[in-house]
Structure formats: structure tokens, C-alpha cells
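What the coordinates show
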Amino acid sequence: MIPILSENGFNVVELIVHHLQDMPLWHLEIAGIDLSITKRIMMMWIGVFFLFIIFIPLARKISKDPYKKPSRFSGMMEVFIDFIRKDVGEGSMGHYSKHYEPFLLTLFFFILAGNLLGLVPPLGEFFQVTGELTGLIHHQEGAGHDIPFLAKLWPGITSTGDIGVTASLAFISFIVIQLAGFIHQGIAYIKNIVPNGIPGPMWIIMWPIEVFGQFTKPFALAIRLLANMTAGHMIILVFMGFIFQFQSYAVVPISIAASTAIYMLELFVAFLQAYIFVFLTALFVAGAQHRH
Amino acid sequence: MPILSGGSLDLLHVNPGLVIWTVVTFLVVLAVLWRFAWKPIIKGLDARNERVEEDLQTSRDLREEAEKLLSEYEKKLDAAKTEALQLIDEGKKDAETNRNKILAEAQDEAVKIKERTEKDIERAKLKALDELEKTTVNLVVEILSKILKKDISEKEHKDIIIRELENLKQIKA
């Protein structure tokens, strides 16, 4: 771990880097590719675990008796599902949305889980530190700079705050968008990328622009999510860093109040960005389905 | 492209391992949730929506029917009320006429009875007078015959007349 409070004084950049930088937890290399399990992958899997334990029992309950009144939590989940299906799916693609619903739902909840878990502090580290302080867990000698096992289990980082993750999701969206285009329009999709009513000579300019546009759309998706998920955390860390930077108790209330406010905003942004990603994907899919 | 100098946070550095893991994880999640979550959930929610829609339609129909019935009954009730009022009116009118009739009849009867009684009295009076006359005549005749048959003195004569007149007085009384 990077020392946060060095002899030379506090370095806010080091603090931010320490909290936002991905790092491998278990090294793994297959066929020359570094496939180490990193903090973000661990958090992603925790998110997946939550998705499984929330939605699979929910599905079982619904299929057992669809007419039963759902519990509060299930009801809330159903509201989300309904929202993605009706407002996002059907709202942009009409009745074609049926086949894309599972994809949109998975995408939404996958991103949402990543966003929300990024707001939870590293529980593993928390348990490790409290355990060591109370003497319940003994610090393993000889482990050196290795991260303790508990800290590895819940490293506490935003999985969607990494260009690798957001770009992968955007890439999957890109594939789905292009597949939708070819499935609905056939090979004519290549030609139909250019909007209707463009005079012949303009095609020489328009077609490359439109093709290029197909790549900028998912690129924008990736950058938007990454930036939103990183910026809020940075601001919170900077506010917290003030305390250590100024070494003064007077800063504490201000820092706590400001980061709490930003935290609340982040909570909203977590939902908003998951929604925007899915909504834009649905819009792009709808755009690829029909010629304009 | 290092964004933060001093540290080594490069926001736009793509880690290929992370990309592979993300894609693999997402596809696995997509497959698992598709099969075990979204399919049954969508089916269940659609079934529920359909049921709700049906129930709404049924309740709308029922409501319409109920409203129709209500207006029908209200109409019937109104008719019944009017009829009842009419009946009451008729009854009142009947009672009035009956009363008047009975009163008139009673009055008539009373008048008749009075007239009859008066007639009866008149007749009785006449009869009594008649009888009185007859009796008087008889008495006179008797007295006269008595006077005529007996040779009596003037004083006797006088006495007789007085006595007979006394008799007559008694009878008359």
C-alpha cells in the first residue's frame, strides 16, 4: 500500500491514487495475458453475487404465484424492472423491445450494482483494521506488503470507475446495436446508416461520418460513466484530504458536511448514470432498427 | 496519459485483463439472469399486468352495470313514490267525499226523523182531539138523555150539569 501520511507530509494525490487505482489482488496469467483478479473484478463479482441473490429468488417467488402481493423490497425491484422495460425499452423501441429486455435489465442492474458498491467503504479493510486493533485478528508476520486476505474479499472500489469496465460494457452495447441493425434491416443496414433524403454526392462525406458516429456513441457511453463514477469519489477524497492537509480539527465538520452532501449526490448519480447508459443504449438500438 | 502527477493514476489506461474479465462476467451474468431471473420475472409481471387489466375491465363493467341498475331502481322508486302520493291523494279525496256524503245523509235522516216525528205528533194530536170530541159528544148526549129522561128539579138540574161538567173537566185533565 502507498503510505498516505509520509514523513514529508500529506499528499492528497497519493490519497486519491490509493483509493481510485485498481490493483491486483491475486496474480494470474494465462497464455501471456495478465488475468489477475484485481480490486475492481472482486467488487464486480460481489455485485454479481448480489444480483443473483436478489433476482433469482425474486423470479422464483414471482413464478410461484405472480398474483401475490410483493414484499416491499421485491415491489421496489419490480418498479425498477418495470421502469426499464416500459420507459426505457418500450419507450424507445416500441414492441421490438421484448427481445432486448433481458439485455437492458442485466446492463442496468450490472452497472447499478457497480455504482452503488463503489459507495460502500472497503468492508474487508475495515474488518481487518478493527480486528487487529481489538486483537481478534493477528497480523500475519512475514506477509510484508501483501494485502490481508479479509481486505481482499471486499476491497471497496467502484468497478464502473475504470475505463476497462466501462469500455467493455460500451463494447457489448456496440455489438448489440450493430447486431440489431443487421437483424432488422439486413445487409441494407450498411447503406441505411446514412439518413434518408441525402443527395448522392453527399454520401461520400456522410457515410464515413455516420460510420465513425457508430464508434463515437459507445465511446461517449464509456467516458460518461467513467467520469461520473470517478469525479464524485475524487471530490469526496479531496474534502477528506483537507483534514490531513491542514492538520486542524476545525476543518473536520466542513469536510464531513461537504463529503456527506457529495455522497448524497453520488447516490443519485449512481442511479442516474446506470439509467443513462441503458437508456442511450436502448435509443441507439432503436436507431439501428429503422432507417431514418 | 497521466492525469494526476505525483501519483500514477491513469484514468484512460485500459487493462486488458479487466476487459476480458468484465466481458466474461457480463456475459455469464446475462445468461444466468436471462434464464433464471428475467424470463420468469417478465412472465410473472406480464401475467399480473394482464390480470390487473382484466380486473380493471371487469370492475368497470360491473360499475357500469351497477350504475344502470341504480338509475333503473331510482326510476322505479320515483314511480312508486308518485303512485303512493296519488293513492294518498285519492284516499283523502275519497274520505272527504265519504264524510260529506255521510254527513249529508245523516242530516237528511235527521230532518226526515224530525218531520216524521212532527207528523206523528200532529196525527196523535188530531186523533186525541177526535177522541175528545167523540167522548164529549157522547157525554153530552148521555147527559142530555139523563136530563131529558128524569124529572128533576131545577136545583137538581143545576147540580147535574155542574157534576157533569166537573166530570168533563176531569176527563179533559
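Scroll up a little and you will see the structure.
Every chain's residues receive numbers from 1 upward, in the order its sequence appears when written. Here chains are named by letter from A upward and ligands by number from 1 upward, in the order in which they appear as written. Selection of residues for local features in this predicted model requires a pLDDT of at least 70, selection of side-chain atom pairs for listing and counting requires 80 or more, and totals for whole chains, interfaces and linings are taken over all residues. Excluding hydrogens and water, the side-chain figures rest on all heavy atoms present in the structure.

Secondary structure summary: chain B contains 2 helices and 0 strands in total. For 173 residues, the compact-globule formula gives about 16 Å, and the C-alpha radius of gyration of chain B, at 65 Å, lies well above that figure. With respect to the principal axes defined by its C-alpha atoms, chain B has extents near 195 × 40 × 20 Å. Here the term buried applies to any residue with accessible area under 20% of the maximum for its type, exposed to any over 50%, and partly exposed to those in between, with areas from a 1.4 Å probe on protein chains only. Across the 173 residues that make up chain B, the buried fraction comes to 15%. Surface accessibility follows the Shrake-Rupley procedure with a 1.4 Å probe radius. Residue values consider only the protein chains on display as shielding. For chain B, the exposed area adds up to about 14,200 Å²; of that, 59% sits on carbon and sulfur atoms. Within this scheme the basic residues Lys and Arg register as positive and the acidic residues Asp and Glu register as negative, but His and the chain ends are omitted. Note that the charge is assigned to NZ on lysines, CZ on arginines, CG on aspartates and CD on glutamates. Of the side chains in chain B, 31 bear a positive and 35 a negative charge, and the two mean positions are spaced by 5 Å. Helix and strand definitions here come from DSSP, where helices need a minimum of 4 consecutive H or I residues and strands a minimum of 2 consecutive E residues; each element is numbered from the N-terminal end. Within these notes, the globule rule equals 2.2 Å times the number of residues to the 0.38 power, and the radius of gyration is based on C-alpha atoms.

Working note: non-glycine residues mostly have negative phi, and peptide bonds are mostly trans. In the Ramachandran plot, Gln247 of chain A falls in the positive-phi region, its phi being about 50° despite a non-glycine side chain. Given a relative accessible area of 59%, Gln247 of chain A falls into the exposed group.

Counting 69 residues, the largest nonpolar core has Phe55, Ile81 and Phe109 of chain A together with Trp38 and Ile41 of chain B as its most contacted members. Every element with two or more residues in this core is listed here: helix H2 (39-64), helix H3 (72-93), helix H4 (101-117), helix H7 (163-185), helix H9 (203-246) and helix H10 (251-289) of chain A together with helix H1 (16-149) of chain B. In what follows, a contact means two residues having at least one pair of non-hydrogen atoms within 4.5 Å. Beyond its immediate chain neighbours, meaning those up to four positions away, Ile41 of chain B contacts Phe55, Leu58, Ala59, Ile62 and Ile81 of chain A. Counting 7 residues, the second-largest nonpolar core is a separate cluster that includes Phe10, Leu20, Met234 and Leu237 of chain A. What we call a nonpolar core is a set of buried Ala, Val, Leu, Ile, Met, Phe, Trp, Tyr and Cys residues that are connected through their side-chain atoms within 4.5 Å.

As a further point, take the interface of chain B and chain A. Taken together, the contact pairs 39 residues of chain B with 55 residues of chain A. Accessible area, probed at 1.4 Å, shrinks when two parts are joined; the buried area is that loss added up over both. In total, chain B and chain A occlude about 4,100 Å² of area from one another, counting both sides; carbon and sulfur atoms represent 77% of this. Broken down residue by residue, the surface that chain B buries against chain A is led by Trp21, Phe26 and Trp38 of chain B, which jointly contribute 18%. We define a salt bridge as a contact between a side-chain nitrogen of Lys or Arg and a carboxyl oxygen of Asp or Glu at a distance within 4 Å. Linking chain B with chain A are 2 salt bridges, by the criterion used here. Note that Asp46 of chain B is salt-bridged to Arg85 of chain A, the shortest N-O span being 2.9 Å. Polar contact is defined as a pair of N or O atoms within 3.5 Å, subject to the rule that within protein one atom must be able to donate a hydrogen and the other to accept it, and that residues adjacent in sequence are counted only when both atoms are side-chain atoms. Inspection of the chain B/chain A interface yields 6 residue pairs in polar contact (both at pLDDT 80 or more). Any residue that is not Ala, Val, Leu, Ile, Met, Phe, Trp, Tyr, Cys, Pro, Asp, Glu, Lys or Arg is counted as polar, Gly included; the first ten are nonpolar and the last four charged. Within the side of chain B that touches chain A, the residues separate by chemical class into 24 nonpolar, 11 polar and 4 charged.

What follows covers the packing of aromatic side chains. Stacked, tilted and edge-to-face pairs are distinguished by plane angle, under 30 degrees for stacked and over 60 for edge-to-face with tilted covering the rest, among Phe, Tyr and Trp rings (Trp via its six-membered ring) whose centres lie within 6.5 Å. Counted under the stated rule, the structure contains 19 aromatic pairs over all chains. Measuring from centroid to centroid gives 6.3 Å for Phe50 of chain A and Trp154 of chain A, while their planes differ by 70°, and the two rings are edge-to-face. Placement of the pair is Phe50 of chain A in helix H2 and Trp154 of chain A in the loop between helix H6 (149-153) and H7, with a sequence separation of 104 residues. Under the relative-accessibility criterion, Phe50 of chain A is labelled partly exposed at 31%. Given a relative accessible area of 16%, Trp154 of chain A falls into the buried group. Taken together, a centroid distance of 5.7 Å and an interplanar angle of 40° make the contact between Phe242 of chain A and Phe246 of chain A tilted. Of this pair, Phe242 of chain A and Phe246 of chain A both sit in helix H9, 4 residues apart, roughly one helical turn. Charges are assigned to positions over rings by a cutoff of 6 Å between ring centre and Lys NZ or Arg CZ, combined with an angular limit of 35 degrees from the ring normal. Lying across the ring of Phe36 of chain B, Arg35 of chain B places its NZ or CZ 4.9 Å from the centre.

Further remarks concern H3 of chain A. Given the number of residues in a helix, its expected span is that number minus one, multiplied by 1.5 Å. Taking 1.5 Å of rise per residue, 22 residues should cover 32 Å, and H3 of chain A covers 30 Å from first to last C-alpha, within 8% of that figure. Throughout, bend refers to the angle between the axes fitted to the seven residues that end at a position and the seven residues that start at it. Phe83 of chain A marks where H3 of chain A bends most, by close to 25°. For H3 of chain A, the complete set of buried residues consists of Ser74, Gly75, Met77, Glu78, Phe80, Ile81, Ile84, Arg85, Val88, Gly89, Ser92 and Met93 of chain A. The elements touched by buried residues of H3 of chain A are H2, H4 and H10 of chain A together with H1 of chain B. The first or second residue beyond H3 of chain A is Gly94 of chain A, which carries a positive phi of 65°.

It is worth spelling out the packing of H3 of chain A against H10 of chain A at this point. Residues and elements named next belong to chain A. It is the contact of H3 with H10, at a shortest axis distance of 8 Å, that shows an interaxial angle of 35°. By crossing handedness, the relation of H3 to H10 is classed as right-handed. Listed contacts from H10 to Phe80, Phe83, Ile84, Val88, Ser92 and Met93 of H3 are Phe271, Tyr275, Val278, Phe279, Ala282, Leu283, Val285, Ala286 and Gln289. Whenever a helix is involved, its axis is fitted only over the stretch in contact; in every case the axis is a line through C-alpha atoms, and angles between N-to-C directions fall within 0 to 180 degrees. For a crossing to be left-handed, the near helix must be turned anticlockwise from the far one by less than a right angle; the clockwise case is right-handed.

Next up on the list: the environment of Gly181 of chain A. All names here are of chain A. Position of Gly181 relative to the elements: it lies in helix H7. We classify Gly181 as buried; its relative accessible area is 0%. For the pair formed by Gly181 and Ile193, sequence separation is 12 residues and the distance between their alpha carbons is 9.0 Å. The contact partners of Gly181, leaving out residues within four places of it in the chain, are Gly186, Tyr189 and Ala288.

Here we take up a negative patch on the surface. Together, Glu50, Glu53, Glu54 and Asp55 of chain B give the surface a local cluster of negative charge. Along the polypeptide, Asp55 of chain B turns up in helix H1. Distance thresholds for patches are 9 Å for like charges and 5 Å for nonpolar side chains (Val, Leu, Ile, Met, Phe, Trp, Tyr), applied to residues having over 30% relative accessible area and no salt bridge.

Before going further, it helps to spend a moment on a positive patch on the surface. A cluster of basic residues, Arg60, Lys61, Lys64 and Lys68 of chain A, forms a positive patch at the surface. Judged by its relative accessible area of 72%, Lys64 of chain A falls in the exposed class.

The next subject is a nonpolar patch on the surface. Together, Ile33 of chain A together with Ile20, Val24 and Val28 of chain B line one region of the surface with nonpolar side chains, adding up to about 290 Å² of accessible area. Counting residues per element, the nonpolar patch draws most heavily on H1 of chain B, which supplies 3 residues. Note on placement: Ile20 of chain B falls in helix H1.

Next up on the list: the packing of helix H1 (residues 12-20) of chain A against H9 of chain A. Residues and elements named next belong to chain A. Across the interface, H1 lies against H9 with an axial gap of 9 Å and an inter-helix angle of 135°. Put simply, H1 runs oblique to H9. Judged by the twist between their axes, the crossing of H1 over H9 is right-handed. Facing Val12, Leu15, Ile16, His19 and Leu20 of H1, the residues of H9 in contact are Thr230, His233, Met234, Leu237, Val238, Gly241 and Gln245. Each residue belonging to the contact of H1 with H9 can be placed in one class, and the counts come to 7 nonpolar, 5 polar and no charged. Put simply, angles under 35 degrees are roughly parallel, angles over 145 are roughly antiparallel, angles from 65 to 115 are roughly perpendicular, and the rest are oblique.

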